[in-house]
Amino acid sequence: MAPVDPHSFTDSTHPLTTHIALTLYFHFPSSTIHAAALLTLQTPHTGQLSLDTRSLTIHKILDPETLTPLPFTLSSSEHQINGRHLTVSLNNHSSILILYSTSPSSSALQWLSPPQTFKKIHPFVYTQCQSVHARSVFPCQDTPAARVCYSAKLNVPRQLSAVMSARHCDRRDPVGSDLDGVLTKEATGFGFDLKSLWCEEGRIVEEFVMDQPIPPYLFAFAVGELGFREVGPRTRVYSEAVDGVLDAAAREFAGTEEMIRQAERLFGEYDWERFDLLVLPPSFPYGGMENPRMVFLTPTVIKGDASGAQVVAHELAHSWTGNLITNKNNEHFWLNEGFTTYAERRIVEVVKGEDIAALNVGIGWRGLNEEMERFKDNMEFTKLKNNQEGVDPDDIYSQVPYEKGFQFLWRIERQIGRPAFDEFLKKYIATFKFKSIDTETFLDFLKANVPEIEKEIDLQQWTEGTGIPPDAHEPVSNLYTKIVSLANDFKLGRMPREDEVADWKGQEWELYLENLPKAVEASQVLALDARYRLSESKDYEVKVGFLQLAISSRCRDYYGEVEKTLKEVGRMKYLRPLYSGLVHGAGKDEEKILAKRVFAEARECYHPIAQGVVEAIFAKHV
């Protein structure tokens, strides 16, 4: 094998898939999808073809022209990270038809029973395929090096509807001809007649097409009782059909069109036609996921003051950096996230002003320094370009590619000036759009377009060195300096006066809490909360920042609020520090018992990715 990606069985000597046509039948009672995937290859191929799978049952693989079976093997054991290696024997084939079923334990899918949804009436299912989970929804070359177009027919209960990271084409009654050329009763191997199930009363088919080539991790769908609000000429906000959630989301994200227009001025035309938003149930494990045309969001970004739109700014920026230009594999993840963090802050600076942009840089600066402490025993993961052989990307997910990547690009901007950097950025996007690249490709392009930059900036230290380079830069602004100064005063026993924080919103408090000592006297924690009610904040960044301080200060008055928070949200940004705080360190028997009990009670409400992250924390510290 000649692998292209440490997290994939894809072989660089095999042709890549260019198109996948999916036929998906959703069976909610068993949390299973029965499906057919028609894979089209770049060129006809003879010999073995390697594909990635995880938790899939492969029923049959057929020649789509003749519907005759093709020989295949599935590795007998499941690789802990990469899943199962599927190899198909081809003889001058340019396409193959795979008949398969997903498993209830699919790592990309979360099936929510009615009680786990906002309305408590209908079930819900959604995907989260980044970084290596698309293979648990359909067999594929699950590496961002393999960009694909796709089409999909989703057969779901009539009372539900579907959205995808693709253009919606139709919602119609199912017909038997949907399966023509895909399935025959004799050929399926499912053990039941899918055709009769497909056409059962009470079912509906939703059709989608994605004509632009995307990496597999950007494949996404959600199925549930969905409603929407129009918030702009190319933006709808979707969520479960609950007026309170939809109305709050529409208010929070009312400024989306203005952000898109400003981003187009900075980075060039928006290439994806629509920019819709889906607010998912609280179990969604990330703040946002940049699926093209349909960004997925956690409900925790609805803060009531439009500040949650900053997460939208980040996902919007991905429309250029990440979705148009993609890292070739996860070892170069900073090319997605560093560029996007830089682009996000440029959008925020235009829309919200320089002070807010500087606050964001400052919050990121603190986060980057904390990651250096987290990885002090494995500094490999403080590099921008790092070695992830045998490493689960979910285990090492951190702020390093975001914030160190941002710092690197900010350093280049300071060196050559913003006007020159803006021209460089536009040329970079135009040159590599719809391509997947690595760090070396970026550096070669940088050196070719900014002559002698390597004499001014140590490019190797920035991309391959550990830690934070000496020419990284803490932000400078009056507001940032004031907040850090007030945090330093707290160490001396002085709490900020009410007139000093009268106009603070969530981000100011977040930066303040990040700059406090990791542990203080329990009495100080109680006094701070008595004055400012931070434990009751509707902004989870503030609330969780305060609860982290309470845990590290062993202020047990707040353990009930910690438990409540861990049970009401599944966002890993909050789960990771709260569970880690409870179980990390000596003499924490009471806290470890609490953490294990809460996880046992909350586990089924977390997405499988989040379950794995918490289990990894316990494996290390409990």
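Remember, it's a predicted structure, so these values are computed and weren't measured experimentally.

Asks: Please provide a residue-by-residue account of helix H14 (residues 522-532), values included.
Replies: Where H14 is concerned, the buried positions are Val 525, Leu 528, Asp 529 and Tyr 532. Projection of H14 onto a plane perpendicular to its axis shows the buried side chains occupying an angular sector of 95°, all on one side. Facing away from the buried side of H14 by more than 90 degrees, the exposed set consists of Ser 523 and Ala 530. Against the buried residues of H14 lie helix H12 (478-491), helix H13 (506-514) and helix H15 (540-552).

Asks: Could you give me a rundown of H15, with the residues and numbers involved?
Replies: Counted at 1.5 Å a residue, the expected span for H15 with its 13 residues is 18 Å, and the 18 Å between its end C-alpha atoms agrees. With 11 of its 13 residues buried, H15 lies for the most part within the structure. Where H15 begins, the side chain of Asp 539 points an oxygen toward the backbone nitrogen of Glu 541, at a separation of 2.9 Å. Where H15 terminates, the next one or two residues include Arg 554, which has phi positive at roughly 55°.

Asks: Tell me about the sheet that holds strand S12 (residues 221-224), and name the residues and values.
Replies: Ordered in space as S6-S7-S12-S9, the four strands form an open sheet in which the pairing is antiparallel. Every other strand in the sheet has two partners, leaving strand S6 (109-112) and strand S9 (161-164) as the edge strands with one partner each. Taken pair by pair, the neighbouring strands of this sheet meet at an average axis angle of 10°, ignoring direction. As paired elements, S9 and S12 share four bridges and run antiparallel to each other. Counterpart to Ser 161 in the pairing with S12 is Gly 224.

Asks: Break down the environment of Cys 199 for me, citing the residues and quoting the values.
Replies: Along the chain, Cys 199 turns up in the loop between helix H1 (194-198) and strand S11 (203-214). A residue is classified by how much of its surface remains accessible, and Cys 199, at 35% relative accessible area, is partly exposed. Residues Cys 199 and Glu 604, 405 residues apart in the sequence, show an inter-C-alpha distance of 32 Å. When sequence neighbours within four positions are dropped, the list of residues in contact with Cys 199 reads Pro 174, Val 175 and Gly 176.

Asks: Please provide a residue-by-residue account of the packing of aromatic side chains, values included.
Replies: In this structure the tally under the stated criterion is 48 aromatic pairs. Centroid distance Phe 408 to Phe 442: 6.4 Å. Interplanar angle 80°. Geometry classified as edge-to-face. Of the two residues, Phe 408 sits in helix H7 (residues 400-416) while Phe 442 sits in helix H9 (residues 439-449), which places them 34 residues apart along the sequence. Here Phe 408 matches Phe 442 in class, with each residue buried. With a centroid separation of 6.2 Å and 75° between ring planes, the pair formed by Phe 424 and Phe 442 is classed as edge-to-face. One end of the pair, Phe 424, is in helix H8 (residues 418-432); the other, Phe 442, is in helix H9, with 18 residues separating them in the sequence. For the pair formed by Phe 424 and Phe 442, the shared burial category is buried. Against the face of Phe 228 rests Arg 236, its NZ or CZ located 3.8 Å from the ring centre. Stacked on the ring of Trp 410, the Lys or Arg Arg 414 has its end atom at 5.0 Å from the ring centre.

Asks: So what's going on with the nonpolar core? Which residues, and what values?
Replies: Core analysis: the largest hydrophobic core is formed by 182 residues, its most contacted members being Phe 26, Leu 154, Phe 221, Phe 253, Tyr 428, Phe 442 and Tyr 579. In terms of residue count, the dominant contributor to this core is H15 (eight residues). When near neighbours in sequence (up to four residues on either side) are disregarded, Phe 442 contacts Trp 334, Leu 335, Phe 339, Phe 408, Leu 409, Ile 412, Phe 424, Tyr 428 and Ile 437. Core analysis: the second largest hydrophobic core is formed by 10 residues, Ala 36, Phe 190, Leu 194 and Trp 198 among them.

Asks: Account for the pattern of salt bridges, with residues named and values stated.
Replies: Inspection of the entire model under this criterion finds 52 salt bridges. The salt bridge partner of Lys 564 is Glu 568, with a shortest N-O separation of 3.6 Å. With a gap of four residues between them, Lys 564 and Glu 568 both fall in helix H16 (residues 559-568), about one helical turn apart. Take Glu 568: its relative accessible area is 27%, and that puts it in the partly exposed class. One salt bridge in this structure joins Glu 601 and Arg 597, with 3.4 Å as the shortest N-O distance. Of this pair, Glu 601 and Arg 597 both sit in helix H18 (residues 589-602), four residues apart, which is roughly one turn of that helix. Taking relative accessible area as the criterion, Glu 601 reaches 44% and is therefore assigned partly exposed. When its relative accessible area of 35% is taken as the criterion, Arg 597 is described as partly exposed. Via salt bridges that share partners, Arg 234, Glu 257, Glu 258, Arg 261 and Glu 264 belong to a single interconnected network.

Asks: Pulling in residues and values, what's your account of the environment of Ala 616?
Replies: With respect to the element layout, Ala 616 can be found in helix H19 (residues 608-621). The spatial distance from the C-alpha of Ala 616 to the C-alpha of Asp 193 is 41 Å, given a sequence separation of 423 residues.

Asks: Describe the sheet that holds strand S15 (residues 276-279), with residues and values.
Replies: What the five strands build is an open sheet, ordered S13-S14-S15-S17-S16; its pairing is mixed. With one partner strand each, in any of the chains shown, strand S13 (226-232) and strand S16 (288-289) form the two edges of the open sheet. With two bridges joining them, strand S14 (residues 235-240) and S15 adopt parallel strand pairing. The residue of S15 that forms the bridge with Val 237 is Leu 277. Where helix H2 (residues 243-252) meets the sheet, it contacts S13, S14 and S15, and its direction lies at approximately 20° from that of S13.

Asks: Got a sec to walk through the packing of H16 against helix H17 (residues 572-583)? Specific residues and values, please.
Replies: Running from N to C, H16 and H17 point in directions that differ by 140°, and their axes come no closer than 10 Å. Taken together, H16 and H17 sit at an angle that is classed as oblique. Taken as a pair, H16 and H17 cross one another with a handedness that is left-handed. When H16 is examined against H17, the residues Val 562, Thr 565 and Leu 566 are found in contact with a partner set consisting of Leu 575, Leu 578, Tyr 579 and Leu 582.

Quick notes on the rules
- Per chain, the residues get numbers from 1 upward, laid out in the order the sequence is written.
- Reporting in this predicted model follows two pLDDT cut-offs: at least 70 for local features of residues, and 80 or more for side-chain atom pairs to be given and counted; totals over whole chains, interfaces and linings ignore these cut-offs and use all residues.
- Neither water nor hydrogens contribute to the side-chain values; these are computed over all heavy atoms in the structure.
- The buried label goes to any residue with under 20% of its type's maximum accessible area, the exposed label to any with over 50%, and the partly exposed label to all in between, with areas taken from a 1.4 Å probe on protein chains only.
- Numbering of helices and strands runs from the N terminus; a helix is a DSSP stretch of H or I covering at least four residues, while a strand is a stretch of E covering at least two.
- What the arc measures is the spread of directions leading from the helix axis to the C-beta atoms.
- Residue contacts follow a heavy-atom distance rule, with two residues in contact if any of their heavy atoms lie within 4.5 Å.
- Between the first and last residue of a helix there are one fewer steps than residues, each counted as 1.5 Å, and that sum is the expected span.
- Each polar contact in these results corresponds to two N or O atoms within 3.5 Å; when the atoms are within protein, one needs to be able to donate a hydrogen and the other to accept it, and residues that are neighboring in sequence are counted only if both atoms are side-chain atoms.
- Strand pairing requires that DSSP identify at least two bridges connecting the strands.
- Interaxial angle, 0 to 180 degrees, is taken between N-to-C directions of lines fitted to C-alpha atoms, where a helix line uses only the stretch in contact.
- Two aromatic rings from Phe, Tyr or Trp, using only the six-membered ring of Trp, form a pair when their centres are within 6.5 Å; if the ring planes differ by under 30 degrees the pair is stacked, by over 60 it is edge-to-face, and anything between is tilted.
- By definition, being over a ring means that NZ of Lys or CZ of Arg is both within 6 Å of the ring centre and within 35 degrees of the ring normal.
- Only buried residues count toward a nonpolar core. Its members are Ala, Val, Leu, Ile, Met, Phe, Trp, Tyr and Cys residues joined through side-chain atoms within 4.5 Å.
- Salt bridges are defined by distance alone: a side-chain nitrogen of Lys or Arg within 4 Å of a carboxyl oxygen of Asp or Glu.
- Here the word oblique covers every angle except those under 35 degrees (roughly parallel), over 145 (roughly antiparallel) and from 65 to 115 (roughly perpendicular).
- Handedness of each helix crossing follows the sense of rotation of the near helix against the far helix: counterclockwise by less than a right angle gives left-handed, clockwise gives right-handed.

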